[in-house]
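# A look at the structure
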Amino acid sequence: MHVTVVASALPTVKLEKKTPSKANILVIAAFQGEEGLELPGTALLGSSELKATLQALSSVGAKGKPGEITRIPAPKGVNAESVVAVGLGNPEKLDDEALRRAAGSVARALVGQKHVATTISDFGLAAAVEGLILGGYSTRGIRSTEADADEAPVKITVVSKEDKEVFEAAVIGAEAVAFARTLTNTPSNELYPASYAKYLKEQGTKAGLEVEVLDEKELKKQGFGGILSVGQGSARAPRLVRLSWSPKKAKKSVALVGKGITFDTGGISIKPGAGMWDMISDMGGSAAVAGATIAAAKLEIPVKVTAFLPLAENMPSGEATRPGDVITHYGGLTSEVLNTDAEGRLVLADAIARACEDNPDYLIETATLTGAQMVALGSRTAGVMGSEDFRDRVAEIGRAVGENAWAVPLLEEHDEEIKSKAADIRNINAKREGGMQFAGTYLAQFVTDDVQWAHIDVAGPSWNGGAARGYTTPRATGVPARTIIAALQDIAAEKDS
Ligand code: BES
Ligand code: MN
Ligand code: ZN
């Protein structure tokens, strides 16, 4: 039982106060001013070299538009081979996300280059570093051939006099996203509940977390009927992983829950074949939670974090759950399973009930839960549901870190529709309307009243089925790992009430 996660590479990014003499490419910022291209001062170029650079860039048509990348031979007197200008657009409109995206675009353009020095960090050190690392992330899957030299990760020196702490925190956050991307990009024949749990045990322990793995026998003994029901159709038995970060200074406790369906065929309510392959990503929520929990430890965030990751493979077979079956969740609530493809909520229900048993102050839970999320909000904006104030807070944090998120109300009509004639509740509603919110109402049944709860549906945002853009590379995006890390930091910064 050995996982081969997909091969992936990140640029190595260093912080230095002075321009490294060995850098062969200098990356500078370019703005789109009222009168055309503008170059802000940079530690990489003296004033006469900056002038020559502006002239050369203008003559090849550079405008400084957002994400525009222009490469020119280094002007005389510059100790490098070339200069790359990254467009940051209108200087008045520049914010962290615009910088992050531009940094991502340039990092993608520089994969395979030797040594880059940059001062785009002058406009936001953390955002620049996040964009550079995440845009420079690459994966080549599992191949028989070695990577070519032009795929090799680039070495980037960020030239800045700012504090190392900000830099290091940005690196840790970006690495958490990369961790989630790599797991999510790994195909399901490699990544299944037992191998995934083993990997998390190794990686979590290494980061200083306490890790507990419940196997199928233990799940049965403790009554995790939702996780078992989803996993029972597969030859690969389910697991429940708990990762704990328990700093001594913690005043608040946060439970995290992430959906970990290592493959979702739909089960007996089987999905159509076209596109089913993307369901290798149905564990993206759990990967983002694992990455964020490891980051919490590395950042020493003074909040107690307990993550529960229910891992199962949803397969049809002679032993699979049937539509109409009634299952008993952890804690005793029963569900009528009318559609075995609405499986995420069944495993999450158990994990949420278990998480609430510890009486955390907050519960943040994330999942690639519903196709309806994409119908409602598109493929780049997560839907956030839950306790109103905390829901709004998490959605705002999601926007602040550049992982779009929008608060969505739970619907009154679903309080009726969730009722079942055969069990306490049922796992789908009769109508198609509000499918994302129905799933939210379903999960709400398992959240205890005094917990501040936010559910983040990332069915769309966790996967980029298109081309690379900004710092978002193709396939897994690692969303919402940075939202969760920022939420933990926000909770840590709360004043005593
Ligand atoms: N994992 C899917 C949701 C999903 C779909 C994520 C597409 C990413 C891309 C989930 O388990 C699912 O199948 N949901 C059903 C629920 C329905 C049966 C109520 C859906 O959205 O169709
Ligand atoms: Mn499903
Ligand atoms: Zn699913």
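For clarity, every value in this text was computed on a predicted model and none was experimentally measured.

### Some points on the overall build of the protein
Of regular secondary structure, the protein possesses 14 helices and 23 strands. Taking 23 Å as the expected radius of gyration for a compact globule of 497 residues, we find that the protein reaches 24 Å, a close match to that expectation. Expressed as lengths along the three principal axes of its C-alpha atoms, the size of the protein is roughly 80 × 55 × 45 Å. Evaluated residue by residue, the protein yields a buried proportion of 58% over its 497 residues. For the protein, the share of sequence-separated contacts (at least 6 apart) that also reach a separation of at least 24 residues comes to 76%. For the protein, the accessible surface area stands at approximately 20,800 Å², while carbon and sulfur atoms represent 49% of it. Computed over 53 positive and 62 negative side-chain charges, the separation of the two mean positions in the protein equals 6 Å.

### Quick word on the coordination of the manganese ion (ligand 2)
Coordination of the manganese ion (ligand 2) by the protein comes from Asp264 (OD), Asp341 (O), Asp341 (OD) and Glu343 (OE), over a distance range of 2.1 to 2.2 Å. Taken together, the six donor atoms coordinating the manganese ion (ligand 2) span angles of 71 to 168 degrees at the metal, a pattern that classifies the geometry as irregular. Within one chain, the residues serving as donors to the manganese ion (ligand 2) are arranged as D-x76-D-x1-E. Between the manganese ion (ligand 2) and the zinc ion (ligand 3), the interatomic distance is 3.2 Å, and aspartate 264 donates to each metal, bridging them. In this pair, aspartate 264 is assigned in strand 13 (residues 260-264) and aspartate 341 in the loop between strand 16 (334-337) and helix 9 (344-357), connecting sequence segments 77 residues apart. Residue classification places aspartate 264 among the buried positions, given a relative accessible area of 3%.

### Examining the coordination of the zinc ion (ligand 3)
Bound to the zinc ion (ligand 3) on the protein side are Lys259 (NZ), Asp264 (OD), Asp282 (OD) and Glu343 (OE), at distances that span 2.0 to 2.4 Å. For the zinc ion (ligand 3), the six donor atoms are set out with angles of 78 to 173 degrees between them, so the coordination reads as octahedral. When the donor residues of the zinc ion (ligand 3) are listed from N- to C-terminus, their spacing reads K-x4-D-x17-D-x60-E.

### Topic: the layout of surface pockets
When its volume is computed, the largest pocket comes out at roughly 960 Å³. Lining the largest pocket are 40 residues, and of these Lys271, Leu369, Thr370, Gly371 and Ala372 sit closest to its centre. Among the residues making up the lining of the largest pocket, the classes are represented as 15 nonpolar, 15 polar and ten charged.

### Considering the pattern of salt bridges
The full count for this structure, using the stated rule, is 22 salt bridges. Glutamate 97 is paired through a salt bridge with arginine 100; the nearest N and O atoms lie 2.6 Å apart. With a gap of three residues between them, glutamate 97 and arginine 100 both fall in helix 2 (residues 96-109), about one helical turn apart. Each member of the pair, glutamate 97 as well as arginine 100, carries the same accessibility label: buried. Here aspartate 264 makes a salt bridge to lysine 271, at a shortest N to O gap of 3.8 Å. Residue lysine 271 is classed as partly exposed on the basis of its relative accessible area of 22%. Here the salt bridges do not stand alone but share partners, grouping Glu97, Arg100, Arg101, Glu130 and Arg482 into one network.

### Re the side chain of threonine 157
By the element assignment, threonine 157 lies in strand 9 (residues 155-159). A polar side-chain atom of threonine 157 sits 2.8 Å from a polar atom in the side chain of histidine 115. Each residue touching threonine 157, except ones within four places of it in the same chain, is listed here: Lys14, Glu16, Pro20, His115, Val116, Ala117 and Thr118.

### Considering the UniProt feature "active site" (unreviewed entry) in the protein
Feature annotation in UniProt assigns "active site" (unreviewed entry) to the following positions: Lys271 and Arg345. Of the annotated positions named here, the largest pocket is lined by Lys271 and Arg345. For lysine 271, the position within the fold is in the loop between strand 13 and helix 8 (284-298). The contacts of lysine 271, once residues within four sequence positions are left out, are Asp264, Thr265, Gly266, Met276, Met279 and Asp341. The topology assignment puts arginine 345 in helix 9. Exposure remark for arginine 345: the relative accessible area of 7% places this residue in the buried category. Arginine 345 has contacts with Leu369, Thr370, Asn427, Ile428, Phe438, Ala439, Tyr442 and Leu443, leaving out every residue within four places of it along the chain.

### Details of the environment of methionine 283
Positionally, methionine 283 belongs in the loop between strand 13 and helix 8. Sequence-wise, methionine 283 and glycine 260 are 23 residues apart; in three dimensions their C-alpha atoms are separated by 3.8 Å. The residues contacting methionine 283, other than those within four sequence positions of it, are Leu183, Thr184, Leu191, Tyr196, Lys259, Gly260, Ile261 and Thr262.

### Quick notes on the sheet that holds strand 16
If you walk across this open sheet you meet the three strands as 15-16-20, and the pairing is mixed. Each having just a single partner strand, strand 15 (325-328) and strand 20 (425-426) make up the two edges of the open sheet.

### With respect to the UniProt feature "binding site: Mn(2+) 2" (unreviewed entry) in the protein
In the numbering adopted here, UniProt assigns the feature "binding site: Mn(2+) 2" (unreviewed entry) to Lys259, Asp264, Asp282 and Glu343. Taken along the chain, the residues just named run across 85 residues; in space they keep tight, none of their C-alpha pairs more than 11.3 Å apart. Cross-referencing the annotated residues with the lining of the largest cavity gives Glu343. Relative to the assigned elements, lysine 259 resides in the loop between strand 12 (253-258) and strand 13. Polar contacts involving the side chain of lysine 259 include one to the side chain of aspartate 282, which spans 3.2 Å. Setting aside residues up to four positions removed in sequence, aspartate 264 forms contacts with Lys271, Met276, Met279, Asp282, Asn314, Asp341 and Glu343.

### What about the domain arrangement of the protein?
Under the domain assignment used here, the protein contains domain 1 (7-161) and domain 2 (173-492). The C-alpha-based centres of domain 1 and domain 2 are spaced at 36 Å. Roughly 1,400 Å² is buried in total at the junction of domain 1 and domain 2, and carbon and sulfur atoms are behind 66% of that figure. Sorting the residues of domain 1 by area buried against domain 2 places Arg108, Leu134 and Tyr137 first, and these three jointly supply 44% of that buried surface. Scanning the region where domain 1 abuts domain 2 turns up one salt bridge. Note that arginine 482 and glutamate 130 form a salt bridge whose closest N and O atoms lie 3.7 Å from each other. Across the side of domain 1 that touches domain 2, the residue classes tally to five nonpolar, six polar and five charged.

What counts, and where the lines are drawn
- One numbering rule holds for all chains: residues counted from 1, following each sequence as written.
- A letter from A marks each chain and a number from 1 marks each ligand, given out in the order of writing.
- The model is predicted, so local features are restricted to residues of pLDDT at least 70 and side-chain atom pairs to those at 80 or more, both for listing and for counting; the totals for chains, interfaces and linings are taken over all residues.
- Hydrogens and waters are ignored; side-chain quantities use all the structure's heavy atoms.
- Helix and strand assignments follow DSSP, with helices taken as H or I runs no shorter than four residues and strands as E runs no shorter than two, numbered in order from the N terminus.
- Two things to know: the radius of gyration comes from C-alpha atoms, and the globule rule equals 2.2 Å times the number of residues to the power 0.38.
- The buried label applies to any residue whose accessible area, calculated with a 1.4 Å probe on protein chains only, is under 20% of its type's maximum; exposed applies above 50%, and partly exposed to all values in between.
- The contact criterion used is simple: two residues touch if any of their non-hydrogen atoms lie within 4.5 Å.
- Accessible areas in this description were obtained via Shrake-Rupley with a 1.4 Å probe; residue shielding takes into account the shown protein chains only.
- Residues counted as positive are Lys and Arg, residues counted as negative are Asp and Glu, and His and the chain ends are not counted.
- We put the charge of a Lys on NZ, of an Arg on CZ, of an Asp on CG and of a Glu on CD.
- Only N, O and S atoms count as donors, using a 2.8 Å cut-off from the metal and 3.2 Å for Na, K and Ca, and because water is excluded some sites may appear unfinished.
- In short, tetrahedral needs four donors with all angles between 85 and 135 degrees, square planar needs four and octahedral six donors with opposite donors over 155 degrees apart and all other angles between 65 and 115, and whatever is left is irregular.
- Think of a 1 Å grid over the protein atoms and nothing else: a 1.4 Å probe that fits but is trapped marks a cavity, an open set flanked by protein within 12 Å on at least five of seven lines marks a pocket, and residues with an atom within 4 Å of a point count as lining.
- Grid points are joined across faces, edges and corners, and a volume is the space filled by probe spheres set on the points.
- Polar here means any residue outside two lists: the nonpolar Ala, Val, Leu, Ile, Met, Phe, Trp, Tyr, Cys and Pro, and the charged Asp, Glu, Lys and Arg; Gly therefore counts as polar.
- We define a salt bridge as a side-chain nitrogen of Lys or Arg found within 4 Å of a carboxyl oxygen belonging to Asp or Glu.
- Whenever a nitrogen or oxygen atom comes within 3.5 Å of another N or O atom, the pair is scored as a polar contact, on the condition that within protein one atom can donate a hydrogen and the other can accept it, and that pairs from neighbouring residues in sequence are kept only if both atoms are in side chains.
- UniProt positions are given in the numbering used here, feature names are shortened, and annotations may be inferred rather than shown by experiment.
- The pairing criterion for strands is at least two bridges between them, as found by DSSP.
- Marked domain ranges trace back to an automatic or database domain assignment.
- Two parts placed together each lose some accessible area under a 1.4 Å probe, and the buried area is that loss summed for both.

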